[in-house]
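A look at the structure
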Amino acid sequence: MSTRTAVLTPQAEDFPQWYQDVLAKAELAENGPVRGTMVIRPYGYALWERMQAEVDRRIKAAGAENVYFPLFIPQAHLHREAEHVEGFSPELAIVTHAGGRELSEPVVVRPTSETVFGEFMAKWVQSYRDLPLLLNQWANVVRWELRPRIFLRTSEFLWQEGHTAHATRADASAYARRIHNDVYLAFLRDVLALPVQAGLKTDVERFAGAMDTLTCEVMMRDGKALQMATSHELGQNFARAFEIAYTDADGERQLCWTTSWGSSTRMVGGLIMAHGDDGGLRLPPAVAPVQAVVVAVKDDPDTTAAVARIEQELAAGGVRCRRDERTDVGLGRRLTDWELKGVPVRVEVGPRDLRAGVASVVRRDNAERAATALDGVGRFVRDALEDAQRALAAEALARATQRTRSVDSVEAAIDAARDGFALLPWSRCGRQGERRLNEHGVSVRCLQTLAGAVPDGLEGDDDLVAVVARAY
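Attention here is on the structure that accompanies the text. None of these values were measured; they are calculated from a predicted model.

Another point: the sheet that holds strand β6 (residues 101–109). Pairing in this open sheet of 3 strands is antiparallel, and the strands run β4-β6-β5 from one edge to the other. Only two strands of the sheet have a single neighbouring strand rather than two, namely β4 (72–74) and β5 (93–98). Sheet twist, expressed as the mean angle between neighbouring strand axes with direction ignored, is 50 degrees. Summarising the sheet, β5 and β6 pair through 5 bridges and their orientation is antiparallel. Bridge assignment links Val95 to a residue of β6, and that residue is Val107.

Let's shift gears to the environment of Leu392. Of note, Leu392 is situated in helix α12 (residues 377–402). Between the C-alpha atom of Leu392 and that of His275, which follows or precedes it by 117 residues, the distance is 7.4 Å. Once residues lying within four places of it in the same chain are set aside, the contact partners of Leu392 are Ala193, His275, Arg282, Leu283, Pro284 and Asp365.

Turning our attention to the pairing of strand β8 (residues 156–166). β8 sits mainly inside the fold: 9 of its 11 residues count as buried. Here strand β7 (residues 133–142) runs beside β8; their pairing, made up of 10 bridges, is antiparallel. Residue pairing across strands places Leu135 opposite His163, the latter belonging to β8. Judged from the 8 bridges that link them, β8 and strand β14 (residues 257–264) form a sheet pairing that is antiparallel. Bridging across to β14, Ala165 finds its partner in Thr258.

One pass over the structure, following the stated rule, counts 0 disulfides. Take Cys216: it sits in no disulfide, and the sulfur closest to it among the cysteines is that of Cys446, at 9.0 Å.

In this section: the side chain of Ser113. Turning to its location among the elements, Ser113 is positioned in the loop between β6 and α5 (114–124). Ser113 sits in the buried class, given a relative accessible area of 0%. Side-chain polar atoms of Ser113 contact the side chain of Glu161, separated by 2.9 Å.

The rules behind the values
- Residues numbered from 1 in each chain as written.
- Predicted model: local features only at pLDDT ≥ 70, side-chain atom pairs only at ≥ 80, totals over all residues.
- Heavy atoms only, no water.
- Pairing = 2+ DSSP bridges.
- Helix = DSSP H or I, 4+ residues; strand = E, 2+ residues; numbered from the N terminus.
- Axes fitted to C-alpha atoms, helices over the stretch in contact; angles between N-to-C directions.
- Contact = heavy atoms within 4.5 Å.
- Buried < 20%, exposed > 50% of the residue type's maximum accessible area, 1.4 Å probe, protein only.
- Disulfide = S-S within 2.5 Å.
- Polar contact = N/O pair within 3.5 Å; in protein donor to acceptor, adjacent residues only side chain to side chain.

Geometric values such as these leave the question of function open.
If you want it as structure tokens, here you go:
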């Protein structure tokens, strides 16, 4: 919890304004010069880089390799998969003029890259020996957003998009689930310390052109859901449209089965809204760009030397740290700044501490302050970081559990979704109930089995539970 609340609008008073305050005062991002775009400031980008590195490591462990494809896609490409272009049509940015003249064929600024990947996969796959083909791209995409919010919905954003081709449906399905489980779920839970509702999207909500979409939905502190990552089984729709085929071991020509999957800078917004409090950010140590800051309380040579020694000790122990010797700035202002930025641990050192042979260590997640011996400060900080990671995860899980209600009717689900999630048997909802939910600004975020697992498909209605919520 925070000890300073005056600089931000309280969450309980105006959650959207609190979010905007955090973006500005923690120096994360601001609006760009074109409506719907954003400028990500150094601290915000450092946070994204930590997320990117963690996700990228997991993607590579799953066998995918990074590539890069063009920003511009011929408009005709999108029309080769009709459902796909229909799904993205309202969001497309289309270039009709370039180089001072009208283009003979308009080009689309990529909203996603299934179509251009499809064209080149068709060239690169010839034999069963070329499969599976596992590719990933880190890039920017453009989807013209009518109601932009920084990190959550912007006309241009950063993301990764994976695209794969497989010999069989079973192999493609297994890989889509591997990405869902080993990359996205593992990252969101283990690094971002978030509780995830995982499941399948309904026919209405799934990705345009997909057979199935697996999703990770997380509850924000205002009770709304945010979709954090998705993995799609595309079947043979794109393979058929782009002739992605291979010669099998018997010499027969077969269509491939493909997948796509992605996560974006939306995760930064989700992290802010899931863990932040009235004092600003609260960052899990695993993803924090700065895990510990060492603050000099006074402008004193001995204090300055002690701060430098502690910083060096922490860095040698693998802690991402920074020292703050800006004694020309008031101490209260400096402490508030670090609290706003969500640095997990703060070490404060002054002349009085040095005389006592201790340093004050303050945790951002719970505001607990403790004195520790100077010769043991490194070990103390590392232990505090480990405990803060666990504590944030436990707190978020407890909050989500407390605000998730099991209900037995669409009306009860609408009521529960006012400030949390509802779990509604799909047999009590169905397509008709989903339409009624949508009329009240509520949606089925995903479908799970009774045990909370991701189902193999949407068959077997009696065994499916709908996770219902209002969403960003």
